[in-house]
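Residue strings, one per chain:
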Amino acid sequence: MSGIAASQGAPFARLLSIASSVPSRVVDNAEMCTYIDSSDEWIQQRTGIAERRWVGEGETVETMALASGRTALERAGIDASELGAVIVSTVTYFHQTPSLAAKLAFQLGTDGAAAFDISAACAGFCYGLAQAESLVRSGAATYVLVIGVEELSRFTDIHDRSTAFLFSDGAGAAVVGPSEVNGMGPVVWGSDGGQYQAITQTAGWSEALADHVTPYIQMDGRAVFKWASGFISEATKQVLDAAGLTPEDLDVFIPHQANNRITDAMLRHLKLPEHVVVARTIKQFGNNSAASVPMAMDQLLTSGEAKSGQTALLIGFGAGLVYAGQVVTLP
């Protein structure tokens, strides 16, 4: 009996492109304060958010994901038929089955690419990148499309003073493909299910259906801040170590856009040099969960603050509690 053949892929993988889709409705803090008892000064001081984007008429998780995916393919110069897999990270696609990824794979025109959704909240895009890198290097796929997309406005109680001002909508997509030189460092990821209740929803879907209520996001802000500014700051340092780099080797730092104070805590822990560009897109776009990291990357490249070929550290963290990060070469 002959041995089972092993899959063989590219020696390395890299990001070939990045794209984002930003919904049309701008909700500034002045409007937000008509829903909750707060002020622009308080919201900006506590989070760094001045405005956020919510979907307008005709905009959905599906339309945003499709737009960002198409742009990412165009920028990579890859035809959809060349995709071996489509991975979508979202917690706001309200169909348990079939997956959004399968629908998008068809709409984009793939040749029956493998397609699946993942639920890893704000770490979801980095989870997707880790899987894409493995697929390319194993030979299971030559090109992989990774999309992070959220419509959190549908999942947010706009009268909850502790969360209403935080969450927003958007999508980000990347194409991962083969490379002769390494463009993606090892993923550092994990979970802390002991803090499962720190970020959750107000009701399970069975309860929501029975009671005819909408489940909303609820969060223990203090617990999340303590975990993110301490544990995640240390995990971010581990991402650098896994890539064999030092803070001086970095050009760009792209953390999940959860809160500027958390970002500040990470910077103090990492002791990054002044030349490192730090993503602060939370000011204009709020917290987009799985879309946060790719949207921030696209905004930095589009604005010229970051440049193709630079070295960037990515870190996502959120409900679960889960986290994931890697160092990448910017597309």
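Residues numbered from 1 in each chain as written. Predicted model: local features only at pLDDT ≥ 70, side-chain atom pairs only at ≥ 80, totals over all residues. Heavy atoms only, no water.

## As for the overall build of the chain
Condition: Here a helix means four or more residues in a row that DSSP labels H or I, a strand means two or more in a row labelled E, and each is numbered from the N terminus. Atoms counted for the radius of gyration: C-alpha only. Globule rule: 2.2 Å times residue count to the power 0.38. Exposure classes here rest on a 1.4 Å probe applied to the protein chains alone. A residue is buried below 20% of its type maximum, exposed above 50%, and partly exposed in between. Contacts are assigned to residue pairs that have any heavy atoms within 4.5 Å of one another. Using a 1.4 Å probe, accessible areas were evaluated by the Shrake-Rupley method; residue-level cover was limited to the displayed protein chains.
Looking only at helices and strands, one finds 10 helices and 14 strands in the chain. Computed over its C-alpha atoms, the radius of gyration of the chain comes to 19 Å, within 12% of the 20 Å expected for a compact globule of 331 residues. Overall, the C-alpha framework of the chain stretches about 70 × 50 × 40 Å when taken along its three principal axes. Classification of the 331 residues of the chain by burial places 53% in the buried group. Across the chain, the fraction of contacts at a sequence separation of at least 24, relative to all contacts at a separation of at least 6, is 78%. Of the roughly 14200 Å² that the chain leaves accessible, carbon and sulfur atoms contribute 49%.

## Examining the domain arrangement of the chain
Applied cut-off: Note that the domain bounds were set by an automatic or database domain assignment. Note on definitions: buried area is the accessible-area loss of two parts on being combined, 1.4 Å probe, summed for both. The term salt bridge refers to a side-chain nitrogen of Lys or Arg lying within 4 Å of a carboxyl oxygen of Asp or Glu. Polar contacts here mean pairs of N or O atoms no more than 3.5 Å apart (in protein, one a potential hydrogen donor and the other a potential acceptor; neighbouring residues in sequence count only if both atoms are side-chain atoms).
Domains assigned within the chain are domain 1 (12-179) and domain 2 (188-329). Here domain 1 and domain 2 have C-alpha centroids that lie 14 Å from each other. Counting from both sides, the interface comprises 45 residues of domain 1 and, opposite them, 44 residues of domain 2. Across the domain 1 to domain 2 interface the summed buried area is about 3600 Å²; carbon plus sulfur atoms make up 65%. There are 1 salt bridge connecting domain 1 and domain 2. Of the charged contacts in the structure, one is a salt bridge between aspartate 298 and arginine 75, with a shortest N-O distance of 2.9 Å. The interface formed by domain 1 and domain 2 contains 17 residue pairs in polar contact (both at pLDDT 80 or more). Put simply, the parts of the chain that give the side of domain 1 that touches domain 2 at least two residues each are strand 1 (12-21), helix 2 (40-47), strand 3 (51-54), helix 5 (124-138), strand 6 (143-151) and strand 7 (169-179).

## Describing the packing of helix 7 (residues 221-242) against helix 8 (residues 260-270)
Selection rule: For helices, the fitted axis covers only the stretch in contact; all axes are lines through C-alpha atoms, and the angles between them, taken along N-to-C directions, range from 0 to 180 degrees. Orientation categories follow fixed angle ranges, with anything under 35 degrees roughly parallel, anything over 145 roughly antiparallel, 65 to 115 roughly perpendicular, and all other angles oblique. For any helix crossing, the convention is left-handed if the near helix is rotated counterclockwise from the far helix by under a right angle, and right-handed if that rotation is clockwise.
Where helix 7 meets helix 8, the axes come as close as 9 Å, and the angle between the chain directions of the two elements is 45°. By the angle between their directions, the pair helix 7 and helix 8 is classed as oblique. Of the two elements, helix 7 crosses helix 8, and the hand of that crossing is right-handed. Across from Phe225, Ala228, Ser229, Ile232, Ser233, Glu234, Thr236, Lys237 and Leu240 in helix 7, the residues of helix 8 making contact are Arg261, Ile262, Ala265, Met266, His269 and Leu270.

## Description of the side chain of serine 289
In this structure, serine 289 sits in the loop between helix 9 (282-285) and helix 10 (292-303). A polar atom in the side chain of serine 289 sits 3.4 Å from the side chain of glutamate 150. Once residues lying within four places of it in the same chain are set aside, the contact partners of serine 289 are Ala121, Cys122, Glu150, Leu152 and His256.

## Observations regarding the sheet that holds strand 11 (residues 252-255)
Note: strands within a sheet are paired through backbone hydrogen bonds, in either parallel or antiparallel orientation. Cut-off, in case you're wondering: When DSSP locates at least two bridges between a pair of strands, those strands are taken to pair.
Strand order in the open sheet formed by 5 strands is 8-14-13-11-12, with mixed pairing between adjacent strands. Each of the sheet's edge strands pairs with one partner strand only, and the pair in question is strand 8 (188-191) and strand 12 (277-278). Across the sheet, helix 5 touches strand 8, strand 13 (311-318) and strand 14 (322-329), and the angle it forms with strand 14 is around 60°.

## Examining the sheet that holds strand 7
Reading across the sheet, the 5 strands line up as 1-7-6-4-5 and stay open at both edges, with mixed pairing between neighbours. The open sheet has two edge strands with one neighbour each: strand 1 and strand 5 (114-118). Each neighbouring strand pair of the sheet contributes to a mean axis angle of 15°, computed without reference to strand direction. As judged from the 6 bridges shared by strand 4 (residues 83-89) and strand 6, these two strands associate in the parallel manner. Counterpart to leucine 83 in the pairing with strand 6 is tyrosine 143.

## With respect to the packing of helix 3 (residues 61-76) against helix 4 (residues 100-108)
Short version of the rule: Under the grouping applied here, Gly and all other residues not named as nonpolar or charged are polar, the nonpolar ones being Ala, Val, Leu, Ile, Met, Phe, Trp, Tyr, Cys and Pro and the charged ones Asp, Glu, Lys and Arg.
The N-to-C vectors of helix 3 and helix 4 enclose an angle of 50°; their axes lie 10 Å apart at closest approach. As the angle between them shows, helix 3 and helix 4 are arranged oblique. For the element pair helix 3 and helix 4, the recorded crossing hand is right-handed. Mapping the contact onto sequence places Val61, Glu62, Ala65, Leu66, Gly69, Arg70 and Leu73 in helix 3 and Leu100, Lys103, Leu104, Gln107 and Leu108 in helix 4. Residue composition of the contact of helix 3 with helix 4, by class: 7 nonpolar, 2 polar and 3 charged.

## Some remarks on the nonpolar core
The condition is simple: Joining through side-chain atoms within 4.5 Å is the link that ties buried Ala, Val, Leu, Ile, Met, Phe, Trp, Tyr and Cys residues into a set, and such a set is a nonpolar core.
Core analysis: the biggest nonpolar cluster contains 38 residues, and Met32, Ile232, Phe253, Leu313, Ile315 and Phe317 have the highest contact counts within it. Mapped by element, the contributors of at least two residues to this core are helix 7, helix 8, strand 13 and strand 14. Ranked by residues supplied to this core, first place goes to helix 7 with 7 residues. Looking at which domains feed residues into this core, each of domain 1 (12-179) and domain 2 (188-329) gives three or more.

## Thoughts on the pairing of strand 4
Keep this limit in mind: A crossover gets the label right-handed when its path from the first strand over the helix to the second runs clockwise, viewed with the strands pointing away from the viewer.
Among the 7 residues that make up strand 4, 6 are buried, leaving the element largely enclosed by the rest of the structure. Sheet analysis places strand 4 next to strand 5, joined by 5 bridges and oriented parallel. Bridge pairing in strand 5 links isoleucine 87 to phenylalanine 116. Assessed by its sense of winding, the connection that carries the chain from strand 4 through helix 4 to strand 5 is right-handed.

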